[in-house]
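# Residue-level structure breakdown
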Amino acid sequence: MTKRCFIIGHPVAHSRSPLIHGHWLAEHGLAGSYERVEVPPAQVAALIARLRAGEFLGGNVTVPNKEVVLPLLDEVSETARAMGAANTLWMEDGRLHGDNTDAYGFLAHLDACLPGWAGQTEKALILGAGGAARAVIYGLPERGIRRILLVNRSPERALELAAAFPKEVEARPWQEIAQLVGESDLIVNTTSLGMRGQPPLAIDLSGLRPGTIVDDIVYVPLETPLLAEARRLGGVPVDGLGMLLHQAVPGFERWFGIRPQVTAALRAKLEADIPAA
Ligand code: ATR
């Protein structure tokens, strides 16, 4: 049987997932493949038909197809349903399953690099209100964090996302960021600001308390201007590469039956592929 897996996106050329899965395939001596497939949203259904026909074991789904794929699945995990988006697909007993591992990846990276972090985190500040913010907000209560402040450039999107998690999340105005920074134990940037080619996330961090975790889900560059400033002020910077690595683990395990490890060697391989600034 073919052991081919895919990542489908549009564009998909930038995806680093093939590096991750290629590393694990080689590490475990498995004869499989993991391929980038350029698939615009209108062609997702045709690709899914090829998966059902046995051409692939499964695969990952990235922007802009994570939402498009959902109605094409037979089984949608509770997490994917809550996200309204799936990023990991696999066949099981003839049925097509979909899950979303972004929240898992976010939490697993923090667990790995800052053991005990959740016990010291009472209040979290989330910047941005897109799909990544939804994943982070979905994940935090799993670690007992239930006081979440949400700010977004467009206030209506923050209000809408907060309404989906009314017990935990409170939307606050963007203009309050400087004040909220000083009240927070964890700050997460889920916007695209700070990414290579984008303007930096220009927020006032001067009120940051030493020891506050500042987590940027952007990973190109690895150290964003936000993380550099947090480091300078005594914060604890966490980069976005770990989330990318950890979100890949459940998919590989589904397809190949081995739970892979996020090792220093894997991380170094990815770091070598990321431009410095
Ligand atoms: P994703 O699904 O990857 O999270 P998205 O849905 O496109 O991506 O969301 C991107 C986030 O970055 C949004 O919160 C967006 O703010 P808006 O909702 O106001 O568009 C935020 N963002 C993008 N450019 C921004 C900018 N120049 N200033 C502030 N926020 C910005």
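## Describing the overall build of the chain
- Assigned secondary structure in the chain consists of 11 helices and 12 strands.
- Relative to the globule expectation of 19 Å for 277 residues, the C-alpha radius of gyration of the chain, 19 Å, shows essentially globular dimensions.
- On the principal axes, the C-alpha backbone points of the chain span a range of 60 × 40 × 35 Å.
- Burial status across the chain gives 51% buried among its 277 residues.

## Notes on the packing of helix 1 (residues 17-27) against helix 10 (residues 249-256)
- One can describe the packing of helix 1 onto helix 10 by two numbers: an axis separation of 11 Å at closest approach and a directional angle of 45°. Between helix 1 and helix 10, the angle is such that the two are oblique. The chirality of how helix 1 crosses helix 10 is right-handed. Of the residues in helix 10, those touching helix 1 at His21, Trp24 and Leu25 are Val249, Phe252, Trp255 and Phe256.
- Residue classes in the contact of helix 1 with helix 10 are distributed as 6 nonpolar, 1 polar and no charged.

## Some remarks on the site of the ligand
- The environment of the ligand is formed by 14 residues, the closest being Gly131, Asn152, Arg153, Ser154 and Arg157.
- The contact in question runs from an oxygen atom of the ligand to an N or O atom on the backbone of Gly131, over 2.8 Å.
- Residue Ser154 places a side-chain N or O atom 2.4 Å away from an oxygen atom belonging to the ligand.
- For the shell around the ligand, a count of residues per class yields 4 nonpolar, 8 polar and 2 charged.

## Points about the side chain of Glu168
- By secondary structure assignment, the location of Glu168 is in the loop between helix 6 (155-164) and strand 9 (169-171).
- Salt bridges are absent for the buried Glu168, whose nearest opposite-charge side chain, Arg146, sits at 4.1 Å.
- If we skip the residues at most four places from it in the chain, Glu168 touches Pro141, Arg146, Arg147 and Ile148.

## Looking at the sheet that holds strand 7 (residues 123-127)
- Within the open sheet, the 6 strands sit side by side as 9-8-7-10-11-12. Their pairing is parallel. What marks the edges here is a single partner per strand, and that holds for strand 9 and strand 12 (236-238). Direction aside, neighbouring strands of the sheet carry axes that sit 20° apart on average.
- Two strands pair when backbone bridges link them, and strand 7 and strand 10 (residues 186-189) are joined in this way by 4 bridges, in the parallel orientation. Directly across from Leu127, in strand 10, lies its bridge partner Asn189.

## Side note on the packing of aromatic side chains
- Counted according to the given criterion, the structure contains 5 aromatic pairs.
- The interplanar angle of 45° and the centroid separation of 4.8 Å between the aromatic rings of Phe252 and Phe256 together place this pair among those described as tilted. Linking Phe252 with Phe256, this pair stays in helix 10, spanning 4 residues, or about one helical turn.
- Given the relative accessible area of 13%, Phe256 is considered buried.
- Through pairs of rings, three or more aromatic residues link up here, namely Trp24, Tyr34, Phe252, Trp255 and Phe256.

Reading guide: rules and limits
Residues numbered from 1 in each chain as written. Predicted model: local features only at pLDDT ≥ 70, side-chain atom pairs only at ≥ 80, totals over all residues. Heavy atoms only, no water. Helix = DSSP H or I, 4+ residues; strand = E, 2+ residues; numbered from the N terminus. Rg over C-alpha atoms; globule rule 2.2 N^0.38 Å. Buried < 20%, exposed > 50% of the residue type's maximum accessible area, 1.4 Å probe, protein only. Axes fitted to C-alpha atoms, helices over the stretch in contact; angles between N-to-C directions. Parallel < 35°, antiparallel > 145°, perpendicular 65-115°, else oblique. Left-handed = near helix turned anticlockwise from the far one by under 90°. Contact = heavy atoms within 4.5 Å. Nonpolar A, V, L, I, M, F, W, Y, C, P; charged D, E, K, R; others polar. Near = heavy atom within 4 Å. Polar contact = N/O pair within 3.5 Å; in protein donor to acceptor, adjacent residues only side chain to side chain. Lys, Arg positive; Asp, Glu negative; His and termini not counted. Salt bridge = Lys/Arg side-chain N within 4 Å of Asp/Glu carboxyl O. Pairing = 2+ DSSP bridges. Phe/Tyr/Trp six-rings, centres within 6.5 Å; stacked < 30°, edge-to-face > 60°.

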